Amino acid sequence: MRVRIPIVLTLVWLATLQPGGVAWSAEEWSPVADGIGFQEFWLPGPNRAFVARMDRSRPNLIVDSLLAQGKLYEGIEGVSGMALRQDNSVIPWDGSWNALGQVVVAINGIFYDPSTGVPETGMIQSGWYIKRFDDLGGGSGCAWKSDASAFIGGCAYHQRDRQLISFINRGTKMEILGINVGQSSDGIVIFTPQYDAHTHTSDGGVEVVVEMLQPAGIYPAPRMSTGYIRSIRNGAGSTPIPFDHLVISARGEAGRKLLENSGIGDRVGVSQEITHLLSADCQTPDERDWTLTFASIGGSFNFLADSEIRSFDDNLGAVARNPRTVVCFNDDFLYFVVVDGRQSGYSIGMTTDELGAFCRDSLGAEWGINQDGGGSSTMWVNGRVVNRPSDGQERAVANGLAMLVLEPLDRSNVFLPGDPIQTVGETAVRLGPGDNYGVIATVPQDEGGLILPHLGGLNGVFARGTYWWKVAFAGTQGWVAQDDIFGGTIWAGNLKSVHDKLLRIWDDR
């Protein structure tokens, strides 16, 4: 008893302290993946903080952003849904589609328009620039780059003459007016795969479909991401957007120029640049460079900068104690932090000053930025929500951030390009290699088709629990699961599998 009583008294005393005291944890870092740890902190207040820590020295650990429903166009979803949607998908790491990403930890993102489900600020996902940060908007969120560096962005500005489509075969260029926004007669816009399954445009414009060798991200001219024109749709809208393509779109005079500059098989380049300015005045150049940023979403309060806590005493959202979601980091580790709140006796929430003190003094972070909080604050770890959201359940949100483990791709060799194939049953043809991509068409049982070559070499790739092939059926091209087709070299290499599939066809009849 003489040993236990002081411990109990100490815990009671800690629980009576006001926020801002010393953090206490019941355990050390628990590994949830090799190089990623998790820990729950019991804090004075009382407060509960849930923290995931990623070792930045591990080349196979990355940060990526998550997108509700997998699309910008009217999508909201809980953090767990976003994490499961992204899990075990092909990731275009290091400039090509060359890895499988396992989602280990996920948190909610930034504010969004509840009427549309569209995030209020810019976003970069898997190397694609999918929503521009507002010009001179005051802040641009935490950025994770392809070299594993990270920074918290300031003011962003897009110089029009630095956002370009280069029609390499023609020696011409056109300015990009916007990304994933409405079609225009004043210039071209581009639609990326994250917008939706198709462009949602009306007929009457011009849409050019480009198969990309790498994501269309931040490549300042003369650098560019490149691809090849696969189709030109003159007068037709709602163009499908495969997972590794983009659509160049315009109307009126801009559409005429786009049509004039485009030819099937032509090579095009996409150059995009963010001019970076300090948040303090949105005028002074910021030395941090957005080039090759892999993932970013917006943030609100940059409460920790170079180990100094920034106070926002004039903003009620900063000084009130609320549930919080935070990204903070130093040179060695990047942290996701979720603090529960609005639950008396369990966890009351934190101010941004208290967040700064916790991230700096307890975690050793030097930089930190606040995300959407309140009922949105959620942390998902390896398949379950670990905190207690103040709504009593997960809230649907627009985007999030995740820690991923990258693994080498596995491929099947049962087919070759040009092989004839046939469907086992009614088969979904998708925009990409995974059941998380939209369905282009559904083809009936016994439909004949061909295996197509894939520019990025992904044919037969294993993702989302099965192997995938790029195929063509009577005017439809897309991706199908290997279990849904048979034929080609499989006749010689896997007769038992063919026999079993033929029996399934017979039984279905």
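Cut-offs applied
- Residues numbered from 1 in each chain as written.
- Predicted model: local features only at pLDDT ≥ 70, side-chain atom pairs only at ≥ 80, totals over all residues.
- Heavy atoms only, no water.
- Salt bridge = Lys/Arg side-chain N within 4 Å of Asp/Glu carboxyl O.
- Helix = DSSP H or I, 4+ residues; strand = E, 2+ residues; numbered from the N terminus.
- Buried < 20%, exposed > 50% of the residue type's maximum accessible area, 1.4 Å probe, protein only.
- Pairing = 2+ DSSP bridges.
- Axes fitted to C-alpha atoms, helices over the stretch in contact; angles between N-to-C directions.
- Arc of directions from axis to C-beta.
- Contact = heavy atoms within 4.5 Å.

1. Some remarks on the pattern of salt bridges
- Counted by the stated rule, this structure contains 16 salt bridges.
- Salt-bridge contacts for glutamate 253 lead to arginine 256; the nearest nitrogen and oxygen are separated by 2.5 Å. You can see glutamate 253 and its partner arginine 256 sitting in helix 3 (residues 252-261), three residues apart, about one turn around the helix.
- Residue glutamate 253 is classed as partly exposed on the basis of its relative accessible area of 42%.

2. Looking at the sheet that holds strand 16 (residues 172-179)
- What the seven strands build is a closed barrel, ordered 15-16-17-20-18-19-21; its pairing is mixed. In this sheet, neighbouring strand axes are inclined to one another by 35° on average, regardless of whether the strands run parallel or antiparallel.
- Relative to strand 21 (residues 267-271), strand 19 (residues 225-234) runs antiparallel, the two being bridged by four bridges. In the strand pairing of strand 21, tyrosine 228 is matched with arginine 267.

3. So, helix 3
- Among the residues of helix 3, those classed as buried are Ala254, Gly255, Leu258 and Asn261. Buried residues in helix 3, looked at end-on, bunch into an arc of 130°, giving them a common side. In helix 3, those exposed residues whose orientation departs by more than 90 degrees from the buried face are Gly252 and Glu260.
- Where helix 3 is buried, its residues contact strand 15 (164-167), strand 16, strand 17 (188-191), strand 18 (206-212) and strand 20 (245-250).

4. Notes on the sheet that holds strand 11 (residues 128-131)
- With antiparallel pairing, five strands are arranged side by side in an open sheet as 11-10-23-12-13. Looking along the sheet, the strands with just one partner apiece sit at the ends: strand 11 and strand 13 (150-152). Shown here is a sheet whose adjacent strand axes are inclined to one another by a mean of 30°, direction ignored.
- Here strand 12 (residues 142-145) runs beside strand 23 (residues 293-297); their pairing, made up of four bridges, is antiparallel. Bridging from a neighbouring strand, cysteine 142 pairs with isoleucine 297 of strand 23.

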